[in-house]
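Examining the three-dimensional arrangement
Spelled out from the first residue to the last, the chains are:
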Amino acid sequence: MDITSLKPQIVWKYFHEITQVPRPSKKEGKILEYLVNFAKQHQLTYKQDEVGNMVISKPATPGYEDRETVVLQSHVDMVCEKNSDKQHNFDTDPIRTIIDGEWMRADGTTLGADNGIGCAAELAILASNDLEHGPLECLFTVDEETGMTGAMNLKPGFFEGKILLNLDSEDEGELFIGCAGGMGVIAMFEPKYSADTTDYIFFQVKVFGLKGGHSGGDIHVGLGNANKILTRFLYSLESNGLDWVLAEIGGGNLHNAIPREAHATFGVRAEGKAKVEELLAKLRSEVQDELKRVDPNVNLSLESVQAPQFVMDCDTKLRLVRALYACPHGVLGMSHEIEDLVETSNNLASIKTVDGGKIRVETSQRSSTESLRNSTAEMVKSIFELAGAQADIRDPYPGWKPNADSPILKAAAESYRRLFGKDAKVKAIHAGLECGLILDVFPGLDMVSFGPTLRDVHSPAERIEIKTVDLWWRHLLEVLKDIPKK
């Protein structure tokens, strides 16, 4: 079946068009150009701010002119992750979508339904002439996935609406009224390198086969973190008394994705080879047993490689590995106010070699309680500072405090019950939404977030449940009809 034959056809039409436009975070120029052309084609008023955020406005349909103005909001950028064997340039190549039974996914890359499907729904509403709604402002923000800098740079007066519908949630039938805030810690190690590679034999160890996932929405699942597994192995070399050197290390990519793959190049004395192989086999068995219910395809490999040109000094090697091993990953606390809600977490997101040999470690902290968000970041920063790294806290953004008395929540809940004969679930989410930042600038906004069902976002396994798009679309249109009068 072709994507444009799915229902509702107009939503899938625009989602398909969006997948053909490259839109990595911080490189949204092509999708913004697409939106400008769309607005001109449909003779709609639009404006942009200095960072690229865009509002496209549409007048009310006849008979709805007295309704409150509604802001529909989605972000235009996408997480760019691919399998290691996939040739794909996110700066230039379109996403290839695949209908796989009841789901849609991409061919070895992220799908970009987060948040392309929200953008597609906004475009479908803007392009339609047969819908009932009051005045609309469709807000498209940039760079949500790597710092929320679009929402962070919104200015008062950029839009006029007092009700905002965020279309960036991932469970049909659930209405979200709160989210966690977050920040990140970046640690930088500066090893000294030498050419002292004689008398060592070298290996590359790889961790692979993990699912990965969203560091907010999937953190409670207990998925494997490739960086943690890798450093667990490297630490075992030290704790078992091997004489070893580290040449290179890397793993993960984005601050908001649980890392799926990691690797390191290291050397040991020839007499230590059997012990290395034993330790690798032991850890592989342990991790496969530990993760068999949630990440059953986890694997570790070890292969001999040629001696590298340089290895890092032993002091930095030890401090780096110990800090990475000590750095927490996963759920650190559950909410005492909302049942089953993760309150606080940390993600050991990426390890990269930059600037001619420096080792850059990126972590992200989330919490629905601001003081715990700050404390977690300070704890992680302290770990890396104790290890001699330069560590900095960056990019804090606020959470969104739930309001159970929200009028738009009540309207959305009532319309869902009327449409489907059952109650929508009302929840808060541990993942970060732009709502908290937007609320900081527009404190009078009444907001709710909802969307179709997505799974494994921020990973190449990202997929969207096709039938839920139609359910969500019908609900969205019903909510627009129920917007109160001014």
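Reference entry: report on the structure contained in this document. Bear in mind that the values here come from a model prediction, so they are computed numbers and not experimental data.

Some thoughts on the packing of aromatic side chains
- In the structure shown here, the tally under the stated rule is nine aromatic pairs.
- Pairing Phe189 with Phe384 gives two aromatic rings, centres 6.2 Å apart and planes at 75°, and the pair type is edge-to-face. In this pair, Phe189 is assigned in strand S9 (residues 181–189) and Phe384 in helix H8 (residues 370–386), connecting sequence segments 195 residues apart. Each member of the pair, Phe189 together with Phe384, is buried.
- For the ring pair Phe233 and Phe266, a centre distance of 5.7 Å and an interplane angle of 65° mean the geometry is edge-to-face. With a gap of 33 residues between them, Phe233 in helix H5 (residues 226–239) and Phe266 in strand S15 (residues 262–268) connect regions that are remote in the sequence.

A word on helix H6 (residues 273–290)
- Between its terminal C-alpha atoms H6 stretches 26 Å, which fits the 26 Å expected from 18 residues at 1.5 Å a residue.
- Taken together, the buried positions of H6 are occupied by Val276, Leu279, Leu280, Leu283 and Val287. Burial along H6 is one-sided: seen end-on, the buried residues are contained in an arc of 100°.
- Looking at the packing, one finds that the buried side of H6 touches strand S11 (201–208), H5, S15 and strand S16 (299–305).

Points about the pattern of salt bridges
- Following the criterion strictly, the structure yields 31 salt bridges and no others.
- For the salt bridge of Lys27 with Asp91, the shortest nitrogen-to-oxygen distance reads 2.9 Å. Of this pair, Lys27 sits in the loop between helix H1 (9–19) and helix H2 (29–41) while Asp91 is found in the loop between strand S3 (70–75) and strand S4 (97–100), placing the two residues 64 residues apart along the sequence.
- What emerges from the salt-bridge pattern is a single network uniting Glu132, Arg418, Glu478, Lys481 and Asp482.

About the thresholds
- Every chain's residues receive numbers from 1 upward, in the order its sequence appears when written.
- Predicted model: local features are reported for residues with pLDDT of at least 70 only, side-chain atom pairs are reported and counted for 80 or more only, and whole-chain, interface and lining totals are derived from all residues.
- Note that water and hydrogens are dropped before the side-chain values are worked out from all heavy atoms of the structure.
- Aromatic pairing here means that ring centres of Phe, Tyr or Trp (its six-membered ring) are within 6.5 Å. Orientation follows from the plane angle: under 30 degrees is stacked, over 60 is edge-to-face, and everything else is tilted.
- Under the DSSP-based scheme used, a helix requires at least four consecutive residues in state H or I and a strand at least two consecutive residues in state E, with every element numbered from the N terminus.
- Partly exposed residues are those whose accessible area sits between 20% and 50% of the maximum for their type, while under 20% is buried and over 50% is exposed, using a 1.4 Å probe and protein chains only.
- To estimate the expected span of a helix, count its residues, drop one, and scale the result by 1.5 Å.
- Regarding the arc, it is the one traced by the directions from the helix axis to the C-beta atoms.
- Should any heavy atoms of two residues lie within 4.5 Å, those residues are considered in contact.
- The rule for a salt bridge is simple: a side-chain nitrogen of Lys or Arg has to be within 4 Å of a carboxyl oxygen of Asp or Glu.

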